[in-house]
Amino acid sequence: MFLAAPYVRASSPVVVDMLNKHPDDPKQRQIFLPRLVVIDPGQSVLFKATDPGHNAASVDGMIPEGAEPWEGKIGKDIEVEFTQPGVYGYVCTPHAAAGMVGVVVVQGEGALDNLEAAKAVKQRAKGKRVFAEIWEEIDQLGLSG
Ligand SMILES: [Cu+2]
């Protein structure tokens, strides 16, 4: 099940696969795997175009103030380096409403300062549900900052 690995914290870059379906649960379609990663400042995340037709793009209002937004091209890998602690919400542009959304948490001082602001950004359809699940996972991790 997906929840077996709610997040990873490995050497840089951390790989997030962009997939048409979950390898172990084909009912889960259009997903980032894993959809939540927790990293340290200076680590990178490689959003990997393992399946075609997806991208990863930060969402306005869901990244810390002063942080650099990003927008990958459809069907292309994109590697993003994170230096500033905080919560970073992102989506696959064509599948945001289908629930293809994810979050990167960069640990450190002030890491959760923009959590409420990120939660307050309007989401649609299944994207809204998946973000709600991710916020719950973040709460359960008991991160500080
Ligand atoms: Cu997609």
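Preceding this section is the structure that the text describes.
Residues numbered from 1 in each chain as written. Predicted model: local features only at pLDDT ≥ 70, side-chain atom pairs only at ≥ 80, totals over all residues. Heavy atoms only, no water.

## Re the overall build of the chain
We count it as follows: Comment: elements are numbered from the N terminus, with helices defined as DSSP H or I runs of at least four residues and strands as E runs of at least two. Note on classification: 1.4 Å probe, protein chains only; a residue is buried when its accessible area is under 20% of the maximum for its type, exposed when over 50%, partly exposed between these limits. Any two residues whose heavy atoms approach within 4.5 Å at even a single point are treated as in contact. For the accessible areas, the method is Shrake-Rupley and the probe is 1.4 Å, while residue cover comes only from the protein chains on display. Neither His nor the chain ends is counted toward charge; the positive residues are Lys and Arg and the negative residues Asp and Glu. The atom standing in for a charge is NZ when the residue is Lys, CZ when it is Arg, CG when it is Asp and CD when it is Glu.
Broken down by element type, the chain carries 2 helices and 8 strands. When its helices and strands are written in sequence order, the chain yields β-β-β-β-β-β-β-β-α-α. With respect to the principal axes defined by its C-alpha atoms, the chain has extents near 40 × 30 × 25 Å. Per-residue burial for the chain yields a buried fraction of 46% across its 145 residues. Within the chain, contacts between residues at least 6 apart in sequence are counted, and of these 70% link residues at least 24 apart. Of the accessible surface of the chain, which amounts to about 7,400 Å², a share of 50% is contributed by carbon and sulfur atoms. Side chains of the chain give 14 positive and 19 negative charges; the mean places of these two sets differ by 11 Å.

## Some words on the sheet that holds strand β3 (residues 36-39)
Heads up, the rule is: Strand pairing is assigned whenever DSSP identifies at least 2 bridges connecting the two strands. A fitted line through C-alpha atoms represents every axis, and for helices the fit uses only the stretch in contact; the resulting angles, taken between N-to-C directions, go from 0 to 180 degrees.
Spatially, the 4 strands line up as an open sheet ordered β3-β8-β7-β5, and their pairing is mixed. The sheet terminates laterally at β3 and β5 (57-58), the two strands that pair on one side only. Pairing of strand β7 (residues 86-91) with strand β8 (residues 101-106), which is carried by 6 bridges, proceeds in the antiparallel orientation. Opposite Tyr90, over in β8, you have Gly102 as the bridge partner. Helix α2 (residues 125-141) contacts β3, β7 and β8 of the sheet and is inclined by roughly 25 degrees relative to β8.

## Looking at the packing of aromatic side chains
Put simply, the test is: Here the aromatic set is Phe, Tyr and Trp, taking the six-membered ring for Trp, and pairing holds for ring centres within 6.5 Å; pairs whose planes are under 30 degrees apart are stacked, those over 60 apart are edge-to-face, and all others are tilted.
Throughout the structure, instances matching the rule amount to 9 aromatic pairs. With 5.4 Å between their ring centres and 90 degrees between their planes, Trp70 and Phe82 make a pair best called edge-to-face. Highlighted residues: Trp70 in the loop between β5 and β6 (78-81) and Phe82 in the loop between β6 and β7, separated in sequence by 12 residues. In this structure, Trp70 and Phe82 share a single accessibility class: buried. Three or more aromatic residues joined by ring pairs form one cluster here, namely Phe32, Phe47, Trp70, Phe82, Tyr88 and Tyr90.

## Structural notes on the sheet that holds strand β1 (residues 14-21)
The strand order across the open sheet formed by 4 strands is β2-β1-β4-β6, and the pairing between neighbours is mixed. Of all strands in the sheet, those bounded by a partner on one side alone are β2 (29-33) and β6. Averaged over all adjacent pairs, the angle separating strand axes in this sheet is 15 degrees, with direction ignored. With 4 bridges joining them, strand β4 (residues 44-48) and β6 adopt antiparallel strand pairing. Directly across from Ser44, in β6, lies its bridge partner Glu81.

## A few points about the environment of Met100
Within the fold, Met100 resides in the loop between β7 and β8. Distance in space between the C-alpha atoms of Met100 and His54 is 9.1 Å, their sequence separation being 46 residues. Contacts of Met100, omitting those with residues within four sequence positions, involve Met18, Leu19, Gln30, Ile31, Phe32, His54, Val91, Cys92 and His95.

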